[in-house]
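Letter by letter, the chains look like this.
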Amino acid sequence: MTKYVINKAFSSSVQRTDRVLEVGEAFGIGLSDRQFVIYDNLEIEVRPGDVVYITGQSGSGKSLLLRELQAAMKADGLNVRNIDEVELKEEPLVDQVGTNMTEALQTLSKAGINDAYLVIRTPSELSDGQRYRLRLAKLIESNAEVWVADEFGAVLDRVTAKVVAFNMQKLARQLGKTLIVATTHTDLDEELGPNLVITKRFHDRVDIRASESDAGLCPICGEEKQ
Ligand SMILES: Nc1ncnc2c1ncn2[C@@H]1O[C@H](COP(=O)(O)OP(=O)(O)OP(=O)(O)O)[C@@H](O)[C@H]1O
């Protein structure tokens, strides 16, 4: 178990253009510089193999937390891979993962791509949601110890998002990977069975709920982690 301490604040200084000054006057808001704090000594304890589910309203600070946590984990010597860094090649999907066709189909399927017509196409021919799932497939294949996914399932229909969430957590737990996802959607709790739920509220308010389930077991399927 490693404890990470997160601090993040911004200065609220604004560019004083004529229109900005007008807005300040019209709405009676002060434009003087001040600090606004998003995370104030937030302590997060993560065990290897945990599933961490970060939620909260748009603009509340989910991406910042993900970035800070990722940086802290990297500084701690962990191999962290972020879905945003996954590069896609302009070649058929079936050629981008696995060492052969069968392995490629298995990996793509785990990430929610099951259609034979789809796996023979290239990334530029895919929808945003399909491309997101291809990135997940490549994330699964990386040898990273920590998988990080912002906007997790945000571009997917909710049924697909739930299937992908279930598969990702199951796989992460089987392989002993730490999975950290952030999304404004709060409907993936059951599928992810998270060990830690972090709900970011506005200002520096954060709710943290840790699951009491056995760290060695997947709380959904009951299977042992490897
Ligand atoms: N460089 C910056 N300077 C000032 N404020 C910033 C900066 N980066 C982010 N913020 C502010 O920090 C807050 C949190 O941003 P963040 O991107 O983490 O939100 P989020 O919860 O991920 O939102 P979304 O769900 O819309 O992606 C926002 O209010 C944003 O305006």
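Residues numbered from 1 in each chain as written. Predicted model: local features only at pLDDT ≥ 70, side-chain atom pairs only at ≥ 80, totals over all residues. Heavy atoms only, no water.

An unreviewed UniProt entry lists the protein under the name ABC transporter, ATP-binding protein, from Magnetospirillum molischianum DSM 120.

J.: I keep staring at the sheet that holds strand β8 (residues 206-210) and nothing clicks. Help me out?
T.: What links the strands of a sheet is backbone hydrogen bonding, and the strands pair in either a parallel or an antiparallel sense. Strand order in the open sheet formed by 6 strands is β4-β5-β6-β3-β7-β8, with mixed pairing between adjacent strands. Because the sheet does not close on itself, it has two edges, and the strands there are β4 (80-82) and β8. Across the sheet, the mean angle from the axis of one strand to that of its neighbour is 15 degrees, orientation sign disregarded. In this structure, strand β3 (residues 51-56) lies alongside strand β7 (residues 196-200), joined through 5 bridges in parallel fashion. Bridged to V52 within β7 is L196. On top of the sheet, helix α5 (residues 128-141) reaches β4 and β5 (146-149); it is set at about 170 degrees to β5, its chief contact. On top of the sheet, helix α6 (residues 158-175) reaches β3, β5 and β6 (178-182); it is set at about 160 degrees to β5, its chief contact. (Pairing = 2+ DSSP bridges. Helix = DSSP H or I, 4+ residues; strand = E, 2+ residues; numbered from the N terminus. Axes fitted to C-alpha atoms, helices over the stretch in contact; angles between N-to-C directions. Contact = heavy atoms within 4.5 Å.)

J.: Explanation requested: the site of the ligand in the structure shown.
T.: Around the ligand, the structure places F10, F36, I38, Q57, S58, G59, S60, G61, K62, S63, L64 and E151. One of the side-chain N or O atoms of S58 is found 2.5 Å from an oxygen atom in the ligand. Taking L64, its main chain carries an N or O atom lying 2.9 Å from an oxygen atom of the ligand. In the complex, the protein chains occlude 60% of the 640 Å² of accessible area that the ligand would expose alone. Taken together, the residues that form the shell around the ligand break down as 4 nonpolar, 6 polar and 2 charged. (Near = heavy atom within 4 Å. Polar contact = N/O pair within 3.5 Å; in protein donor to acceptor, adjacent residues only side chain to side chain. Areas by Shrake-Rupley, 256 points an atom, 1.4 Å probe, with all protein chains shown as cover. Nonpolar A, V, L, I, M, F, W, Y, C, P; charged D, E, K, R; others polar.)

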